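What follows is the residue order along each chain.
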Amino acid sequence: MKILIIGNGAREHALTWAISQNPRCTKIYCSPGNAGTTELATNVDIDVTSNNEILEMCLLHSIDLVIVGPEKQFEQGLTNALKEKNILVFGPTMEASQLEASKSFTKNMCKHKKIPTGNYEIFSRVDDAKKFLREQPTPYVIKADGLAAGKGVTICNNLDEVIKDVQEILDGKFKSSNKVFIEEFLEGEELSYFVITDGYDYKCLGTAQDHKKIGEGDVGLNTGGMGAYSPSKIINNKLENKIQEEIIEPTLNGLRKEGLIYKGILYAGLMINNGEPKLIEYNIRFGDPECQVLMMRLNSDLLEILISTLENKILEQKITWSENDSITVVAANKGYPEQYKKNSIIKNLDTIKVDDNQQIFHAGTTRDKDGKILATGGRVLNSTVLSKSLSVARKKANEILENVKWENKYYRKDIGFRVIDK
Ligand code: AMP
Ligand code: GLY
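Conventions and cut-offs
- Residues numbered from 1 in each chain as written.
- Chains lettered and ligands numbered in written order.
- Predicted model: local features only at pLDDT ≥ 70, side-chain atom pairs only at ≥ 80, totals over all residues.
- Heavy atoms only, no water.
- Patch = residues over 30% accessible without salt bridge, like charges linked within 9 Å, V, L, I, M, F, W, Y side chains within 5 Å.
- Areas by Shrake-Rupley, 256 points an atom, 1.4 Å probe, with all protein chains shown as cover.
- Salt bridge = Lys/Arg side-chain N within 4 Å of Asp/Glu carboxyl O.
- Helix = DSSP H or I, 4+ residues; strand = E, 2+ residues; numbered from the N terminus.
- Buried < 20%, exposed > 50% of the residue type's maximum accessible area, 1.4 Å probe, protein only.
- Pairing = 2+ DSSP bridges.
- Contact = heavy atoms within 4.5 Å.
- Axes fitted to C-alpha atoms, helices over the stretch in contact; angles between N-to-C directions.

**Student:** Talk me through a nonpolar patch on the surface; I want residue IDs and the actual numbers.
**Tutor:** On the surface, a cluster of nonpolar side chains totalling about 230 Å² of accessible area is made up of Val-153, Ile-155 and Phe-185. As for its position among the elements, Phe-185 is in the loop between strand 9 (180-183) and strand 10 (189-197).

**Student:** An account of the pattern of salt bridges is requested, with residue identities and associated values reported.
**Tutor:** Applying the stated criterion across every chain yields a total of 21 salt bridges. The shortest N-O distance in the salt bridge between Lys-107 and Glu-183 comes to 3.3 Å. Separated by 76 residues along the polypeptide, Lys-107 in helix 6 (residues 103-113) and Glu-183 in strand 9 bring together distant segments of the chain. For Lys-107, a relative accessible area of 6% gives the class buried. A salt bridge links Asp-210 to Lys-212; the shortest N-O distance between them is 3.8 Å. Here the salt bridges share partners, and the residues they tie into one network are Asp-218, Arg-412, Asp-414 and Arg-418.

**Student:** Just give me the short version of the sheet that holds strand 3 (residues 42-43), but keep the residues and values in it.
**Tutor:** In spatial order, the strands read 3-2-1-4-5; together these 5 strands make up an open sheet with parallel pairing. At either end of the open sheet lies a strand with only one pairing partner, and these are strand 3 and strand 5 (88-90). Relative to strand 2 (residues 27-32), strand 1 (residues 2-7) runs parallel, the two being bridged by 6 bridges. Following the sheet pairing, Ile-5 is matched in strand 2 by Cys-30. Across the sheet, helix 2 (residues 51-60) lies against strand 1, strand 2 and strand 4 (65-68), angled at about 160 degrees from strand 1, the strand it touches most. Strands in contact with helix 11 (residues 302-310) are strand 1, strand 4 and strand 5; relative to strand 5, the strand with the most contacts, it is inclined by about 110 degrees.

Right, dumping it as structure tokens:
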């Protein structure tokens with residue numbers, strides 16, 4: 001099989017690594033990919049915001065299956081476009097991708113299907129939002145409606161700051177949104193819950209805990225994710241049954257009622273309080289960095305799982321996991337998620353030794369024409385380790401990053417702190 005993987009993050013490197021282990025896979029292309037994916041695949045730099053370019057690439061290279069990392073391509077209708085030409089693609093249609101792209105869509109569904117989630121109000125005028133906010137308890141939670149690359153949420157106690165934020169969103173800070181959500185603040189512990197579904201049946205595809213803040217101890221600005229571990233330590237059978245019965249199943253049923261057969265990964269961002277789950281948001285793809293730890297723990301073959309889902313045979317597919325813990329620590333360019341210097345050299349990656357339970361997944365890296373690896377993005381490397389305990393895994397993951405000779409390196413040394421250091 002010839003496979004095309006879309007995206008350029010560590011999630012896509014981890015997917016490439018997992019897919020490459022299947023002997024049926026004869027060739028992998030990554031578009032655009034990064035310096036890490038070049039070890040396992042051929043990078044082809046096409047414009048991935050164009051369905052036509054992706055389609056042409058598929059025809060040119062006789063691609064059998066397209067696997068997409070980010071949400072953007074689903075929202076731009078890539079699944080619809082490829083299906084029309086009978087090219088296999090894993091992930092939801094444009095219509096079903098509203099589950100991530102539109103908070104109004106998802107919140108409406110929660111209302112109709114009685115899915116537990118935070119209360120909210122939607123505003124398009126700043127004066128109305130101000131009036132409402134003055135009567136709300138702190139902290140305030142403000143969200144833009146559409147896709148905002150993980151940066152559309154503000155949680156803060158200061159009313160003036162929040163109002164400024166509301167104004168900016170209504171003034172068009174995010175192209176995707178001219179509405180503001182003011183949401184109830186949910187107390188509790190977060191859990192990322194993944195399922196893989198053919199639209200009717202589904203299986204759990206693991207749990208994880210992300211770390212979104214830039215600073216140790218969860219302080220500072222929100223990022224795409226600075227590290228994650230799997231499995232979550234707060235999941236148990238009772239909670240999992242609740243998540244499935246109160247959240248996942250009504251969602252898939254609700255989508256089907258609207259004529260939307262959701263095929264792909266469904267990632268529920270949940271808040272758990274006293275054993276009760278509430279939906280924070282849905283994502284229509286693997287999380288990044290959560291995917292990296294899931295791929296380390298997955299014992300079954302990813303490609304077979306994806307194919308059985310596309311063939312509506314997911315229930316027949318056995319999915320087994322390592323009993324061990326996995327952790328990934330993200331090394332970012334100093335300054336991220338704000339301004340950072342680009343193109344600094346990562347000097348010694350090729351010489352760092354890792355074993356089968358350790359992987360350095362690349363994100364924002366490029367190999368220049370002399371073979372040097374440059375740090376070109378915000379999040380750059382993911383040191384990912386599988387081990388008997390989370391604390392040993394973290395120690396190893398941090399040690400690997402410590403040995404990387406790269407002047408602009410920044411990483412949190414405390415990933416998993418709520419469990420390890422308590
Ligand atoms: P989102 O982009 O909706 O996933 O939000 C990003 C992060 O903000 C989440 O992972 C939570 O940590 C936090 N968050 C979002 N909404 C709420 C809420 N209503 N209450 C508490 N925390 C929230
Ligand atoms: N790690 C959060 C996300 O992928 O949305």
